[in-house]
Amino acid sequence: MNSAIAPAYLTLILVWSTTALAIKWGVTGLPFTLALMARFTLAALLGLALLTWRRQALPLHRSALLAYGIAGVATSLSMLCTFWASQHLASGLVAALFGLIPLATALFARWLLAAPLLKLDY
């Protein structure tokens, strides 16, 4: 594996493996909307800090802003549903559903976009 890609994989694994528990802890004692806002705020601050550390500018042209808006609305709505549901579901079930998101995305892409089949070669 490329040494530049390994930290990205490790970060992705860390975030995805702790998300369900972090959501469950977040909605314990807080309204789910406040927990979601705190998570998004923390993510935005960490992202901006990373951009600053790397001396990299955030693209602010029209198409980038459109992409940010669409992704932001879609992510916000799905996470709002997840945070609301996590008040009533076990964190293990939330984790299982989160784990299936990449597979569901690939299947829907195959079905709706005629994307190529998943390749499982290592």
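Scroll up to find the structure this text is about.
Here the structure is a predicted model, which means the values were calculated and not measured. (Residues numbered from 1 in each chain as written. Predicted model: local features only at pLDDT ≥ 70, side-chain atom pairs only at ≥ 80, totals over all residues. Heavy atoms only, no water.)

A. Representation of the overall build of the chain within the structure. Broken down by element type, the chain carries four helices and zero strands. Listed N to C, the secondary structure of the chain is α-α-α-α in terms of helices and strands. Each of the three principal axes of the chain carries a C-alpha extent, and together these read 40 × 35 × 30 Å. Expressed as a percentage of its 122 residues, the buried residues of the chain come to 15%. Across the chain, contacts joining residues at least 24 apart in sequence account for 67% of those joining residues at least 6 apart. Accessible area for the chain stands at about 9,700 Å²; split by element, carbon and sulfur atoms hold 75% of it. (Helix = DSSP H or I, 4+ residues; strand = E, 2+ residues; numbered from the N terminus. Buried < 20%, exposed > 50% of the residue type's maximum accessible area, 1.4 Å probe, protein only. Contact = heavy atoms within 4.5 Å. Areas by Shrake-Rupley, 256 points an atom, 1.4 Å probe, with all protein chains shown as cover.)

B. Geometry of the side chain of Thr82. The residue Thr82 is located in helix H3 (residues 62-85) in this model. Classification of Thr82 as buried rests on a relative accessible area of 18%. When residues no more than four places from it in sequence are discounted, the contact partners of Thr82 are Ile23, Val94 and Phe98.

C. Looking closely at the packing of aromatic side chains. Scanning the model with the defined rule gives one aromatic pair in all. When the centroid spacing of 6.1 Å and the interplanar angle of 50° are considered together, the rings of Phe108 and Trp111 count as tilted. Taken together, the residues span about one helical turn, with Phe108 and Trp111 both in helix H4 (residues 91-113) at a distance of three residues. (Phe/Tyr/Trp six-rings, centres within 6.5 Å; stacked < 30°, edge-to-face > 60°.)

D. Layout of the packing of helix H1 (residues 6-27) against helix H2 (residues 32-53). It is at 8 Å that the axes of H1 and H2 come closest, and there the two elements cross at 130°. Judged by the angle between their axes, H1 and H2 are oblique. Note that H1 runs across H2; the crossing there is right-handed. Along its contact with H1, which presents Thr19, Ala22, Gly26 and Val27, the element H2 presents Phe32, Ala35 and Arg39. By residue class, the composition of the contact of H1 with H2 is four nonpolar, two polar and one charged. (Axes fitted to C-alpha atoms, helices over the stretch in contact; angles between N-to-C directions. Parallel < 35°, antiparallel > 145°, perpendicular 65-115°, else oblique. Left-handed = near helix turned anticlockwise from the far one by under 90°. Nonpolar A, V, L, I, M, F, W, Y, C, P; charged D, E, K, R; others polar.)

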